[in-house]
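Listed below are the residues making up each chain.
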Amino acid sequence: QVQLVESGGGTVQPGKSLTLSCTASGSRLLINTMGWFRQVPGKARELVARITQGGAVMYGDFVNGRFTISPWDAQKTMTMEMKSLKPDDTAVYYCALQGVVAGFGFQEYWGPGSQVTVSS
């Protein structure tokens, strides 16, 4: 149905920036919401940021103004800029999408996960 391709992950020093991108593929896909979740060993998956079709955004409590999620473009690519990164931001980041594909109705999709490591 839908495939999510993540890019931009990697290793960055504390205080630096990193931008994650997620591109959705699939014919006749209508996106309602795209966003990012993250997970570290021993902890539950948590919301990082998400944005709706109408432009409404929501951030996790830990973001504190450091991250900015942008709407998806014509290629269905959504980006999230992360600034002032901290070691605690180290996690696997998962792209998530909620939308409608013709013949399947409203569904939720997940990317494979992209490692972000914040370390000196």
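As the structure is a computational prediction, the values presented were derived from the model and not from experiment. (Residues numbered from 1 in each chain as written. Predicted model: local features only at pLDDT ≥ 70, side-chain atom pairs only at ≥ 80, totals over all residues. Heavy atoms only, no water.)

Novice: How do you make sense of the state of the cysteines when you look at a structure like this?
Specialist: This structure, assessed with the given rule, holds one disulfide. Shown here is the disulfide that connects Cys22 with Cys95, its sulfur atoms set 2.0 Å apart. Classification of the bridge connecting Cys22 and Cys95 rests on its S-S torsion, roughly -85 degrees, and on that basis the disulfide is left-handed. You can see Cys22 sitting in strand β3 (residues 18-25) and its partner Cys95 sitting in strand β9 (residues 91-101), a full 73 residues away along the chain. For Cys22, a relative accessible area of 0% gives the class buried. (Disulfide = S-S within 2.5 Å. Helix = DSSP H or I, 4+ residues; strand = E, 2+ residues; numbered from the N terminus. Buried < 20%, exposed > 50% of the residue type's maximum accessible area, 1.4 Å probe, protein only.)

Novice: It is not clear to me how the sheet that holds strand β1 (residues 3-7) should be interpreted in this structure. Could you clarify?
Specialist: By definition, the strands of a sheet pair up through backbone hydrogen bonds, in either a parallel or an antiparallel sense. A sheet is described by the order of its strands in space; here four strands give the open sequence β1-β3-β8-β7, paired in antiparallel fashion. In this open sheet, the two edge strands, each paired with only one partner strand, are β1 and β7 (67-70). Strand-to-strand twist across the sheet, computed as the mean angle between neighbouring axes with direction ignored, equals 15 degrees. The pairing of β1 with β3 spans five bridges and is classified as antiparallel. When the bridges of β3 are listed, Ser7 appears paired with Ser21. (Pairing = 2+ DSSP bridges. Axes fitted to C-alpha atoms, helices over the stretch in contact; angles between N-to-C directions.)

Novice: Would you mind showing me how to read the side chain of Ser114 here?
Specialist: Considering the arrangement of structural elements, one finds Ser114 in strand β11 (residues 114-118). Of the residues examined, Ser114 reaches a relative accessible area of 12% and is grouped as buried. With residues near it in sequence (within four places) discarded, Ser114 still touches Glu6, Gly9, Ala91, Val92 and Tyr93. (Contact = heavy atoms within 4.5 Å.)

Novice: Could you clarify how one ought to interpret the nonpolar core in this entry?
Specialist: Most often, soluble globular proteins keep nonpolar side chains buried together rather than apart. If you look at the biggest cluster of nonpolar residues, it comprises 31 residues, and the most contacted ones within it are Trp36, Met80, Met82 and Tyr93. Among the secondary structure elements, those contributing two or more residues to this core are β3, β4 (29-39), β5 (46-52), β7, β8 (77-82), β9 and β11. Broken down by element, this core gets its largest block of residues, five residues, from β9. Excluding anything up to four places from it in sequence, Met80 contacts Leu18, Thr19, Leu20, Trp36, Val48, Ala49, Phe67, Thr68, Ile69 and Tyr93. (Core = buried A, V, L, I, M, F, W, Y, C linked by side-chain atoms within 4.5 Å.)

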